Amino acid sequence: MAARGETRAVTAAPRRVRIVLAYDGTAYSGWQVQPRLATVQGEVEAALARLHGGGAVVVRGAGRTAAGVHARGQVAAFSTSAQIPLPKLPAAVTSRLPDDV
């Protein structure tokens, strides 16, 4: 309990967010993260980490694609404690992704 006149920092509980992605998979070794290879999941996680000030963010995809495969409507989810309003979150994430995602 905070003493009279003190303020306490309030940390928002993480929100679970669903995203729907489209990507040109030509430059990627598929969806799933693989060591030393460029993957769509890796790009999305890197973009979200930048949005979170460098903190790791794990993205779970509803499915996977193979190397070079394109997707439209790929569903994924992640947890975030970022204070960005949900209506602004897509633009914030997209601005940190490469043009082919």
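Residues numbered from 1 in each chain as written. Predicted model: local features only at pLDDT ≥ 70, side-chain atom pairs only at ≥ 80, totals over all residues. Heavy atoms only, no water.

**As for the overall build of the protein chain**
Rule in force here: Runs of H or I in DSSP of at least four residues are treated as helices and runs of E of at least two as strands, each being numbered from the N terminus. Each residue gets one of three labels from its accessible area relative to the maximum for its type: buried under 20%, exposed over 50%, partly exposed in between, using a 1.4 Å probe on protein chains only. Residues count as neighbours in contact if any of their non-hydrogen atoms are within 4.5 Å of one another. Here the open area of atoms and residues is found with the Shrake-Rupley method and a 1.4 Å probe, where only the protein chains shown may cover a residue.
Of the regular secondary structure elements, the protein chain holds 2 helices and 3 strands. Written out in order from the N terminus, the α and β elements of the protein chain read β-α-β-β-α. The buried share of the protein chain, taken over its 101 residues, is 32%. Here the analysis covers contacts within the protein chain between residues at least 6 apart in sequence; of these, 63% occur between residues at least 24 apart. Surface summary for the protein chain: the accessible area is close to 6600 Å², and the carbon and sulfur share equals 54%.

**Remarks on the nonpolar core**
The following threshold applies: What is meant by a nonpolar core is a set of buried Ala, Val, Leu, Ile, Met, Phe, Trp, Tyr and Cys residues, joined one to another through side-chain atoms within 4.5 Å.
Core analysis: the largest hydrophobic core is formed by 21 residues, its most contacted members being V44, L48 and F78. Those elements giving two or more residues to this core turn out to be β1 (15-23), α1 (40-51), β3 (71-80) and α2 (89-94). Element by element, the count of residues in this core is highest for α1, at 5 residues. Setting aside residues up to four positions removed in sequence, F78 forms contacts with R15, R16, V17, I19, L48, V57, V58, V59 and L89.

**Quick look at unusual backbone geometry**
Residue R36 is not a glycine yet carries a positive backbone phi of 65 degrees. Mapped onto the secondary structure, R36 falls in the loop between β1 and α1.

**Focus: the environment of T94**
The criterion, for reference: Under the rule applied, a polar contact is a pair of N or O atoms within 3.5 Å (in protein, one hydrogen donor and one hydrogen acceptor; residues adjacent in sequence only if both atoms are side-chain atoms).
Relative to the helices and strands, T94 is located in helix α2. Sequence separation between T94 and V44 is 50 residues, and the spatial gap between their C-alpha atoms is 9.1 Å. One polar contact links the side chain of T94 to the main-chain carbonyl oxygen of P90, over a distance of 2.8 Å.

**What to know about the sheet that holds β3**
This is how it is decided: Paired strands are those between which DSSP finds at least two bridges.
Within the open sheet, the 3 strands sit side by side as β1-β3-β2. Their pairing is antiparallel. Among the strands making up the open sheet, the edge pair consists of β1 and β2 (60-61).

**A look at the environment of F78**
If you trace the backbone, F78 turns up in strand β3. Owing to a relative accessible area of 1%, F78 belongs among the buried residues under this scheme. Sequence separation between F78 and E45 is 33 residues, and the spatial gap between their C-alpha atoms is 9.1 Å.

**Looking at the confidence of the model for the protein chain**
This is how the line gets drawn: In predicted models, pLDDT denotes the confidence assigned by the predictor to each residue on a 0 to 100 scale.
Taken over all residues, the pLDDT of the protein chain has a mean of 89, while the share at 70 or more is 88%. Least confident of the elements in the protein chain is α2, whose mean pLDDT is 92; most confident is β2, at 96.

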